[in-house]
Amino acid sequence: MAIDGDSYVKKIFDPILPGSKDWPVVQLSKDRKQFIESVINESIKVITAAHADSGSLKEEIEQTRFKETLRVKQNPWNVDPDDDPAFWSGIKARLLKTSNSDIEMHKDSINAILHEIVARYANEIRGNFRPSRYKMTRTIVKFGFKRLLNASRVKGFASIWSNKVTLQDKIQITGEFEQLRTLAKKGTVILVPTHFSNLDSILIGWVIHALGLPPFIYGAGLNLFNIGLFAYFMNSLGAYKVDRRKKNFIYLETLKTYSKMATIKGCHSLFFPGGTRSRSGKIEKKLKLGLLGSAMEAQRHSLQHGGNEEANKVFVVPVVINYHFVLEAPALINNYLQSKGQERYYVENDSFSNSYKILMFLFKFFTKGSDISVSIGKGLDLLGNYVDAEGNSIDKKGRFINVADYFISQGNVTADLQREREYTRMLGEVIVKEFHRNNHVFSSHLAAFTAFEILKKRYSHLDLYDLLRVSKEDSTIGYEEFRNSFEVALQHIYQLNNEGKVGIASHLRGDLNEVIDHGLYNMGMYHSKRPLLKNKQGDLISNDLNTLFYYHNRLSGYGLENAI
Amino acid sequence: MDSKMLSEKPVGVVGAGSFGTAIANILAEKSKVLLYARNESVVDHIEKKGISSGQLLHENVSGSNELEEIASKCDIIFPIVPSSNFRSLIKDFSEYLHPYHILIHGTKGLDVSIQDETQESTKLNRNQVRTMSEIIQDESLVVRVGCLAGPNLARELADKQPAATVVASHFDEVIQAGIRLLRNDRFQVYGSQDLIGVELCGVLKNIIAIASGALSGMGYGENARALLISRGMVEMIYLGRALGGNTEAFIGLAGVGDLVATCSSTLSRNFTVGYRLAQGENLQQITDSMDETAEGINTIRIAKKLTNFYKVRAPILEMLHKVLFENLTVEEALQYLMKYPLNVDIDFL
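Residues numbered from 1 in each chain as written. Chains lettered and ligands numbered in written order. Predicted model: local features only at pLDDT ≥ 70, side-chain atom pairs only at ≥ 80, totals over all residues.

**Points about the overall build of chain B**
Inference 1: Summing up its helical and strand segments, chain B has 17 helices and twelve strands in all.
Inference 2: Relative to a compact globule of 349 residues, whose C-alpha radius of gyration would be 20 Å, chain B shows 20 Å and is just as compact.
Inference 3: For chain B, buried positions account for 53% of its 349 residues.
Inference 4: Sequence-distant contacts in chain B: of pairs separated by 6 or more residues, those separated by 24 or more amount to 73%. (Helix = DSSP H or I, 4+ residues; strand = E, 2+ residues; numbered from the N terminus. Rg over C-alpha atoms; globule rule 2.2 N^0.38 Å. Buried ≥ 20, exposed ≤ 12 C-beta atoms within 10 Å, placed from the backbone. Contact = placed C-beta atoms within 7 Å.)

**Quick look at the domain arrangement of chain B**
Residue and element names in this part refer to chain B.
Inference 1: Per the domain assignment, the segments of chain B are domain 1 (3-195) and domain 2 (197-339).
Inference 2: Each of domain 1 and domain 2 has a C-alpha centre, and these two points are 24 Å apart.
Inference 3: Contact residues are listed per partner, giving 30 residues for domain 1 and 33 residues for domain 2.
Inference 4: Only helix H5 (83-94), helix H6 (132-139), strand E10 (144-149), strand E11 (163-169) and strand E12 (187-192) provide two or more residues apiece to the side of domain 1 that touches domain 2.
Inference 5: Counting residues per element, the side of domain 1 that touches domain 2 draws most heavily on E11, which supplies three residues. (Domains from an automatic or database assignment.)

**Describing the UniProt feature "transmembrane region" (unreviewed entry) in chain A**
Inference 1: Under the present numbering, the feature "transmembrane region" (unreviewed entry) in UniProt falls on residues 189-210 and 216-237 of chain A.
Inference 2: For residues 189-210 of chain A, the helix share is 55%, the strand share is 23%, and the end-to-end C-alpha distance is 16 Å. (UniProt positions renumbered as here; feature names shortened; annotations may be inferred.)

**Details of the interface of chain B and chain A**
Inference 1: Facing the eleven residues of chain B at the interface are eleven residues of chain A.
Inference 2: Residue composition of the side of chain B that touches chain A, grouped by class: six nonpolar, two polar and three charged. (Nonpolar A, V, L, I, M, F, W, Y, C, P; charged D, E, K, R; others polar.)

**Digging into the domain arrangement of chain A**
Inference 1: Domain annotation of chain A identifies domain 1 (24-125), domain 2 (173-221 + 243-354 + 376-438) and domain 3 (440-562).
Inference 2: If you average the C-alpha positions of domain 1 of chain A and of domain 3 of chain A, the two centres end up 51 Å apart.

**Here we look at the nonpolar core**
Inference 1: Core analysis: the largest hydrophobic core is formed by 235 residues, its most contacted members being Ala451 of chain A together with Val13, Leu27, Leu35 and Leu320 of chain B.
Inference 2: Residue contributions to this core peak at 13 residues, all from helix H9 (residues 195-217) of chain B.
Inference 3: Ignoring anything within four residues of it in the chain, the contact list for leucine 35 of chain B reads Val13, Ala16, Ala24, Ile46, Ser52, Val61, Gly63 and Ser64 of chain B. (Core = buried A, V, L, I, M, F, W, Y, C linked by C-beta atoms within 7 Å.)

**Side note on helix H2 (residues 18-28) of chain B**
Given 3.6 residues per helical turn, the α-helix brings residues three or four places apart onto the same face.
Inference 1: Counting buried positions along H2 of chain B gives eleven out of eleven residues, so the element sits mostly inside the fold.
Inference 2: Those residues of H2 of chain B not exposed but buried are Ser18, Phe19, Gly20, Thr21, Ala22, Ile23, Ala24, Asn25, Ile26, Leu27 and Ala28 of chain B.

**Some details on the packing of helix H15 (residues 295-310) of chain B against helix H16 (residues 315-325) of chain B**
The angle between the axes and the distance between the axes are what describe a pair of packed helices.
All names here are of chain B.
Inference 1: Interhelical geometry of H15 versus H16 gives an angle of 125 degrees and a closest axis separation of 10 Å. Between H15 and H16, the angle falls in the class oblique. The interaxial crossing formed by H15 with H16 has left-handed handedness. Residues Ile297, Ile300, Ala303, Lys304 and Thr307 of H15 form the contact with H16, whose own contacting residues are Leu317, Glu318, Leu320, His321 and Leu324.
Inference 2: Of the residues belonging to the contact of H15 with H16, the class tally is six nonpolar, two polar and two charged. (Axes fitted to C-alpha atoms, helices over the stretch in contact; angles between N-to-C directions. Parallel < 35°, antiparallel > 145°, perpendicular 65-115°, else oblique. Left-handed = near helix turned anticlockwise from the far one by under 90°.)

**Quick word on the UniProt feature "binding site: NADPH" (unreviewed entry) in chain B**
Residue and element names in this part refer to chain B.
Inference 1: In this numbering, the UniProt entry assigns the feature "binding site: NADPH" (unreviewed entry) to Ser18, Phe19, Arg38, Lys108, Ala154, Arg269 and Glu295.
Inference 2: Among the secondary structure elements, arginine 38 is positioned in the loop between strand E2 (33-36) and helix H3 (40-49).
Inference 3: Relative to the helices and strands, arginine 269 resides in helix H13 (residues 269-278).
Inference 4: Under the C-beta neighbour-count criterion, arginine 269 is labelled buried, with 22 such atoms within 10 Å.
Inference 5: Setting aside anything within four residues of it in sequence, one finds arginine 269 in contact with Met290, Glu292 and Ala294.

**Let's talk about the confidence of the model for chain A**
Low-pLDDT stretches of the model should not have their predicted coordinates read in fine detail.
Inference 1: Looking at chain A as a whole, its pLDDT mean stands at 83, while 80% of the residues score no less than 70.
Inference 2: Residue range residues 153-162 of chain A is modelled with pLDDT below 50. Its contacts to residues more than four positions away, or to other chains, number twelve contacts. (pLDDT = per-residue confidence, 0-100.)

**Notes on the UniProt feature "domain: Glycerol-3-phosphate dehydrogenase NAD-dependent C-terminal" (unreviewed entry) in chain B**
Inference 1: The positions UniProt marks with the feature "domain: Glycerol-3-phosphate dehydrogenase NAD-dependent C-terminal" (unreviewed entry) are residues 194-335 of chain B.
Inference 2: As annotated, residues 194-335 of chain B comprises 77% helix and 0% strand, and the C-alpha atoms at either end are separated by 36 Å.

**A word on helix H8 (residues 172-182) of chain B**
Inference 1: Those residues of H8 of chain B lying buried are Val174, Ile175, Ala177, Gly178, Leu181 and Leu182 of chain B. Angular distribution of buried residues about the axis of H8 of chain B spans 160 degrees; they occupy a single face of the element. (Arc of directions from axis to C-beta.)

**Quick notes on the sheet that holds strand E1 (residues 11-14) of chain B**
Residue and element names in this part refer to chain B.
Inference 1: The eight strands lie next to each other as E5-E2-E1-E6-E7-E10-E11-E12, forming an open sheet whose pairing is mixed. Since the sheet does not close on itself, it has two edges, and those belong to strand E5 (61-64) and E12, each with one partner. Across this sheet, the average inter-strand angle for adjacent strands is 25 degrees, counted without regard to direction.
Inference 2: Contacts from H2 reach E1, E2, E5, strand E6 (76-79) and E12, with the element oriented near 170 degrees to E1.
Inference 3: Against the sheet, H9 engages E10, E11 and E12, with an angle of about 35 degrees to E10. (Pairing = 2+ DSSP bridges.)

**What to know about the sheet that holds strand E2 (residues 188-193) of chain A**
All names here are of chain A.
Inference 1: Strand order in the open sheet formed by seven strands is E1-E7-E6-E2-E5-E3-E4, with mixed pairing between adjacent strands. Each edge of the open sheet is held by one strand with a lone partner, namely strand E1 (171-175) and strand E4 (239-242).
Inference 2: For E1 and strand E7 (residues 372-376), the ladder comprises five bridges, and the chain directions are parallel. Paired with threonine 174 across the strands is serine 375, a residue of E7.

**Some words on the environment of alanine 214 of chain B**
Inference 1: Assignment of secondary structure puts alanine 214 of chain B in helix H9.
Inference 2: Counting along the chain gives 58 residues from alanine 214 of chain B to threonine 272 of chain B, while the straight-line C-alpha distance between them is 8.3 Å.

**Regarding unusual backbone geometry**
All names here are of chain B.
Inference 1: If you check the backbone angles, lysine 311 has positive phi at about 50 degrees while not being a glycine.
Inference 2: Inspection of the secondary structure assignment puts lysine 311 in the loop between H15 and H16.
Inference 3: Even without a glycine there, the phi angle at asparagine 327 is positive, about 60 degrees.
Inference 4: Considering the arrangement of structural elements, one finds asparagine 327 in the loop between H16 and helix H17 (330-339).
Inference 5: Under the C-beta neighbour-count criterion, asparagine 327 is labelled exposed, with 10 such atoms within 10 Å.

**Re the confidence of the model for chain B**
Residue and element names in this part refer to chain B.
Inference 1: Within chain B, residue pLDDT values average 91, and 95% of them lie at 70 or more.
Inference 2: Considering only residues more than four positions removed or in separate chains, one finds that residues 1-7, a stretch of pLDDT under 50, has six contacts.
Inference 3: Per the prediction output, this complex has pTM 0.86; the corresponding ipTM is 0.88.

**Thoughts on the pairing of E2 of chain A**
All names here are of chain A.
Inference 1: Burial analysis of E2 places six of its six residues in the buried class, the great majority of the element.
Inference 2: Residues of E2 alternate between two faces, with Thr188, Ile190 and Val192 on one and Val189, Leu191 and Pro193 on the opposite face, all of them buried.
Inference 3: Two elements, E2 and strand E6 (residues 314-323), share six bridges in a ladder whose sense is parallel. The partner of valine 189 across the bridge, within E6, is phenylalanine 315.
Inference 4: Sheet topology note: the E2/strand E5 (residues 269-270) ladder contains two bridges and is parallel. Residue pairing for E5: leucine 191 is matched across the bridge by leucine 270.

**With respect to the pairing of E6 of chain A**
All names here are of chain A.
Inference 1: Of all ten residues that make up E6, ten are buried, and the element is covered over most of its length.
Inference 2: Two elements, E6 and E7, share five bridges in a ladder whose sense is antiparallel. The residue of E7 that forms the bridge with valine 319 is isoleucine 376.

Shown next as structure tokens:
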């Protein structure tokens, strides 16, 4: 069952760079010490520049120390180094020695403290890329997936050694992957995928490999390193560590500088601009702009110092990952419903909490048919203009744009952080648009959307929370009613597709009843409580309205609700 | 950023109407200025006689008939043309414009981007209505966009009376450029980040200016005008917020400042429209005899449809719409407004 018969070609790609020694990420890990040193120095420059004098710098450090001490006490993780408490109380003691009355006298010791903190952060963030491990992990992933796949699809246990079905039959890569390969040769690529599941990182890692691209560095949540299986993958694939608990200025600046310096070095990178997995199931609307901003700075830096624009160009490639099924959906949506409207600290504790559960999921995933599609969007420059096959920025009328022009003021490329922040905001808006355009509608998404909208209309006097508490009897939907609405919604999707506003899976084209059945079969198929299914009378019932709401949300933002 | 740099590249002004000319003269005190006019005879007049729109030009101002020349010689350009010509101007201009250009416009109108707007749809939403800064971004590669708004009656600027303006942009760089180029010892320049809000101030105040003219035409005095200005501002804020502006802009120089100036000036075109309406003329007669556009008329048409869509309460606008397009008399409109059941004075702060 091809997801998009028109553009999907199963194909083996040669690596774009033959030997691993040519990979920028390998170069980076070779000169790691030097690289980290430059990250530390640059971060300190940025942090110091943001403070008028040693007094306010000391205050910043003081605040950081306070927050960190609190974190150590209240929210410790397995991955935290054992000397965390000792380190921060040491900092406290040294800060006490710098009296406020004559702060400039202690300038050197304050700078030394800052250096120590930044160095600690930079070394924690640092990735541990090892080419040998990378290759081994690759092989294990490929081999393991393939074996599982064949055991389940091709009848008989002996077929576990068959090569009939490959990973590419399960995970389909559609869209502009050829362009992506070219861009990775022409400049530095930043992949920005949507984020729905913890599986995304592994999946994208596989896609990068399958397309013959060199490894990308990416920021993975430090919490993932709590889980043994993930830690192994992450450490192998060039991940650097991002700790969402550390929201202090010094940490964030060090993190951004790390990403900026790696981009300047030509390392392709990957980050999820939504920040965390979408709790609601909606495609990200608000992006975290911090790391995009560091890409912006890297681009300007290259233009300022590199001269040769082509070699230093940074490209942004949006990626949308489509699942029928998100393992964590019930936990995510509950989290969303609980904390809607307020940002809260929460303890990660969901279905992805240990290696065993993940393995079970992977096994189920490969033994029952549920497809995943990864759609690679058109490449963008950092101002959100499309780039052509060769990486040239082009405007709406097809004329070439010189990216340097955006950074020029009175004839020269200049650093203007406020301007770059504004550009980053604009880029974020373009990425959100591209996410919606590249999203592929699956039968299950549409079924969930239709069912939930019918209930919303039926109980228009109830607010969301009351609606989610409607009893099973009251939420039964007659098949006729469902089918009619589904058809209307489907027509609307076709139209949006014609207008280039959304992609559709090819399984959506076919007999209406079959499309509906396909959607019902696939929707949340491994959840213990199915979000939508047919009862004995053939009518539709839901065993879990929250999760139905989650899958419904995938199609919000297209104005589809007005059609139903 | 030193003055040496400034003198090297001239500043462009596109549009040689009364406001464009006044701004060109202010800019000319610090920089060379290239003043563009579409009409060759106007450029001729600028070059040979040193006069534009009846104003004597500073010696630093020279005329041009070529958009290409403006774009290639100037990095910073002030487009100041009527809103009805704005989109076509930017379209013609866009092939010469690059992302390094800075455009600060001074046009106080709205643009309707759907083609058959005359096919009477009674509602318009925000996506169908564009501000001038949005047109610039739609039609060209320029992103560093700003606008100029405030109590800046062209006549008084030309007479070198003291005044102030607001330069609004999302970019500090643009605001700083505006301040650097425009500010002098009798012209103060304020900055704002709320580009849309400040643009809307300039646009929406024209509605109230027509009403103010109408009050004068009826022979009413300052109590009536003060009532109009304060209630008019409330309407501006309701509508402005629905369209994406912030309240702050409306209580600033570009909002209440410009509103007071425009409503008090018997010279302004929008005021004149209202005055003549109250004297019993109809819209056709008035527009036929005016040589520059009164932006307020078109703004009322568009704003009325916007209020229909967003269900914004705007009785003054509604009555003006009836007077302009539905043959209600000014007197009847006023009677209706005086009977309007007002409840609270201010409910938006």
